[in-house]
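# Summary of structural features
Spelled out from the first residue to the last, the chains are:
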There are 2 protein chains.
Amino acid sequence: MIRSSRLLAAAFAVVIAGPAWAQGYDALAAAQAAANAKPGARSAPGHVIPVPTNEVSPQAQALIGNPYPPTFNADPKNAAEWHALIDARAALAAKNVPAMKEKFGVSVEAKTIAGVKAFIVTPKVIPLRNRNRLLVHVHGGGYVFGPGEAALPEAILLAGFGGFKVISVDYRMPPDAPYPAAMDDAMAVWKEAVKMAKPKNMAIFGTSTGGAMTLAMVLRAKAEHLPLPAAMAPGTPWSDIAAIGDTYTSNEWVDNVLVTWNGWLGKAALLYANGHDLKDPQISPIYGDFAGLPPAILTSGTRDLFLSNTVRTHRKLRRAGVEAELNVYEGQSHAQYGADMNSPETKEAFTDIARFFDKHLGVK
Amino acid sequence: MIRSSRLLAAAFAVVIAGPAWAQGYDALAAAQAAANAKPGARSAPGHVIPVPTNEVSPQAQALIGNPYPPTFNADPKNAAEWHALIDARAALAAKNVPAMKEKFGVSVEAKTIAGVKAFIVTPKVIPLRNRNRLLVHVHGGGYVFGPGEAALPEAILLAGFGGFKVISVDYRMPPDAPYPAAMDDAMAVWKEAVKMAKPKNMAIFGTSTGGAMTLAMVLRAKAEHLPLPAAMAPGTPWSDIAAIGDTYTSNEWVDNVLVTWNGWLGKAALLYANGHDLKDPQISPIYGDFAGLPPAILTSGTRDLFLSNTVRTHRKLRRAGVEAELNVYEGQSHAQYGADMNSPETKEAFTDIARFFDKHLGVK
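None of the values given here were measured: they were computed from a predicted structure.

Secondary structure assignment for chain A yields twelve helices and ten strands. In terms of overall dimensions, chain A is globule-like: its C-alpha atoms have a radius of gyration of 21 Å, near the 21 Å expected for 364 residues. Across its three principal directions, the C-alpha atoms of chain A cover 65 × 45 × 45 Å. Across the 364 residues in chain A, those meeting the buried criterion constitute 58%. Residue pairs in contact within chain A that sit at least 24 positions apart in sequence constitute 77% of those at least 6 positions apart.

This part is about the domain arrangement of chain A. Structurally, chain A comprises domain 1 (2-46) and domain 2 (79-360). Distance between the C-alpha centres of domain 1 of chain A and domain 2 of chain A: 37 Å.

Residues and elements named next belong to chain A. For strand E3 (residues 106-113) and strand E4 (residues 116-123), the ladder comprises eight bridges, and the chain directions are antiparallel. Within E4, the residue paired with threonine 112 across the bridge is lysine 117. Connecting E3 to the antiparallel partner E4 that follows it, the hairpin turn spans two residues, and alanine 114 within it adopts a positive phi of roughly 50°.

Attention now moves to the packing of helix H5 (residues 97-104) of chain A against helix H6 (residues 153-162) of chain A. Residue and element names in this part refer to chain A. For the pair H5 and H6, interaxial distance at closest approach is 10 Å and the crossing angle is 5°. Looking at the two axes, H5 sits roughly parallel to H6. Within the contact between the two elements, H5 uses Val97, Met100, Lys101 and Phe104 and H6 uses Pro153, Ile156, Ala159 and Gly160. Class assignment of the residues belonging to the contact of H5 with H6 gives a composition of six nonpolar, one polar and one charged.

A few words now on the confidence of the model for chain A. Residues and elements named next belong to chain A. Considering every residue of chain A, the mean pLDDT works out to 94; 94% of them sit at 70 or more. Within the model, pLDDT remains below 50 along residues 1-21, and this stretch shows 44 contacts once partners closer than five positions in the same chain are excluded. For this predicted complex, the interface confidence reaches an ipTM of 0.94, while the overall pTM sits at 0.95.

With an omega of 5°, the peptide bond between proline 174 of chain A and proline 175 of chain A qualifies as cis. Note on placement: proline 175 of chain A falls in the loop between strand E6 (166-169) and helix H7 (181-196). A cis amide bond links tyrosine 179 of chain A to the next residue, proline 180 of chain A, at an omega of 10°. Topologically, proline 180 of chain A is positioned in the loop between E6 and H7. Positive phi values are uncommon outside glycine, yet asparagine 274 of chain B reaches one of about 55°. Take asparagine 274 of chain B: it is sitting in the loop between helix H10 (264-273) and strand E9 (296-301).

All right, on to the pairing of strand E4 (residues 116-123) of chain B then. Across four bridges, E4 of chain B lies against strand E6 (residues 166-169) of chain B in antiparallel orientation. Its bridge partner being in E6 of chain B, isoleucine 120 of chain B is matched across the sheet by isoleucine 167 of chain B.

Think of two packed helices as two axes; the pair is described by the angle between the axes and how far apart they sit. Residue and element names in this part refer to chain B. In contact at an axis separation of 9 Å, helix H6 (residues 153-162) and helix H12 (residues 344-360) are set at 70° when each is read in the N-to-C sense. Considering their axes alone, H6 and H12 lie roughly perpendicular with respect to each other. Facing Leu157, Leu158, Phe161 and Gly162 of H6, the residues of H12 in contact are Thr346, Lys347, Phe350, Thr351, Ile353, Ala354 and Phe357. Of the residues belonging to the contact of H6 with H12, the class tally is seven nonpolar, three polar and one charged.

A few words now on the environment of isoleucine 353 of chain B. All names here are of chain B. As for its placement among the helices and strands, isoleucine 353 is situated in helix H12. Taking the C-alpha atoms as reference points, isoleucine 353 and threonine 313, 40 residues apart in sequence, are found 17 Å from one another. Sequence-distant contacts of isoleucine 353, defined by excluding residues within four places in its chain, comprise Leu158, Phe205, Ala233 and Ile297.

Those residues of helix H2 (residues 25-35) of chain A not exposed but buried are Leu28, Ala31, Gln32 and Ala35 of chain A. Along the long axis of H2 of chain A, the arc covered by the buried residues comes to 100°, so they all point the same way.

Residue and element names in this part refer to chain B. Within the secondary structure, glycine 115 sits in the loop between strand E3 (106-113) and E4. A residue is classified by how many C-beta atoms lie within 10 Å of it, and glycine 115, with 9 of them, is exposed. Along the primary structure glycine 115 and valine 189 are separated by 74 residues, whereas in three dimensions their C-alpha atoms are 8.6 Å apart.

About the criteria used
- Residues numbered from 1 in each chain as written.
- Chains lettered and ligands numbered in written order.
- Predicted model: local features only at pLDDT ≥ 70, side-chain atom pairs only at ≥ 80, totals over all residues.
- Helix = DSSP H or I, 4+ residues; strand = E, 2+ residues; numbered from the N terminus.
- Rg over C-alpha atoms; globule rule 2.2 N^0.38 Å.
- Buried ≥ 20, exposed ≤ 12 C-beta atoms within 10 Å, placed from the backbone.
- Contact = placed C-beta atoms within 7 Å.
- Domains from an automatic or database assignment.
- Pairing = 2+ DSSP bridges.
- Axes fitted to C-alpha atoms, helices over the stretch in contact; angles between N-to-C directions.
- Parallel < 35°, antiparallel > 145°, perpendicular 65-115°, else oblique.
- Nonpolar A, V, L, I, M, F, W, Y, C, P; charged D, E, K, R; others polar.
- pLDDT = per-residue confidence, 0-100.
- Arc of directions from axis to C-beta.

The structure is reproduced here in structure tokens:
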């Protein structure tokens, strides 16, 4: 339904605004004014958006200028096709892991915790004030991508830039294990992790799907009267798993990471939800009750398909009385703040998260 | 130059992506992938963006759904045409002032300060902790709009929601008085204002042009070794007066308040700058040195043409070691957080600013 109404509207827009473009600015302005003469939906013409350069590092410029990922519009027809796609992407992501371990001087140990696969990521040197602290990481990837070592890059970034010990949860995923398997695994690890450190010295973090899971974990811990972490970092969280939110439309085809909900992303959403209500707060945590949640730091970019997910979450946290910080990077698409370990913006974003955790986590 | 290269690019985009829209999602996706197959500028097709409804108040929905302003593309040819446009817009804005004064129970007194026209906005009841506090307000309007009582709405909102006494500067503007007249007037008032209250009990605030002037005032106070305020609220600041910044393009024709830099906005920019370098930090404060500036709270919206201005400023403040808070409203265009005194989002945004000031301003 979303797809067909949007396409109809887009077709309408090209009829109104399309032919004007070749005629110069005045004709475009007149056509745009005519297309927006009545209250309601905004009609915007095509854009060609240059790569921004002011205060944007060369590394970030390269990310921003990247073509769409070749798999953005993948449409696997069965479990075998999903696995082929998942494996291909995982191989690409895992390829970066050795260089990341090397650069940040962290060790990675595979470990089963409460029957769940996980990794312990340990910096060679842990600063004194982090010795009793422990972070739990849930990776991103639309609930389908990022198994095994492909889960590790973000955990290594925060272990490396922040000097924290991190448990990264290699949770079960579709097509084999839809909701609530991922959340069950993450919560099983959380229940064990709070025995390894004091919850007041702990934080949960993750980006995208990992950001949504961070929120859902804290909501579920609250509901189940489990200890809460002292802080959290839901980075550009997939807090509304349906295509609800302004930038799902305004940044569609602008974001060069996720590109569109109508590609693999929406298919992964339905595969994961497996018939459950997409507004269940454990699936779309924006619909949860945020009262009593720990302080949060959120990160996004102006081209991020999930910018609305991020700002809706930020606002709802603040209105629930939760301290919540928001950082938005110029020109960046989804999760690009963590996409290149050598980008100054990556160092900045993860250093900011580490500083936020340092402010809110106990030491002893 | 900006205009012609953008139009050329837009024309190219419609050739590539345009005809695909009518053929369905798969054709659109293929055309988009082809148009973005090489690194560099992003090519995005036309969008029809529905009015967002989740957590967005009916009042904000109405603002978001508004047609473009009839004057967005005005092109006054001489001083008389500018004055006619300025007067027409001022009459519209000033019409709201009596109802605002009534709703918030504030009194307004016209007063000349250091030879500069200004208004003193005083709440009927000033909370005890605000008795020694004083705010200075610089209005928005592209350095051309908002003279006289048209300057007042935002001053009344913060006086009303925050219970603060506010001096609103009715600074000189083009076409009669280009840069640096506005800044000279604002600084003349600042120099007098710091005799009326202790600077540690004071803040400067303003939206859009007023946000840029807030930053430029604090930069100039620092350069001239004048007292600085204890906090500032540069709301969606026009911190880069040229069309530099990602959302000048990505939110062009999406923002239904400013719409495009190529309308009256860019003409006002050049009229104000009057031949001065557009990268002079007194004209585009993003190019200033933010070290030592007071804590700042910034506000924007996901459709704001100045979202990049806002996030670039936020980031630069943080990197200079300045405490800076960022709030972004779902679906809102430029400055819509202050556009309807009855909108819950307006109450929220101005209450957040008031709370931020309360946190940072001295009491005695």
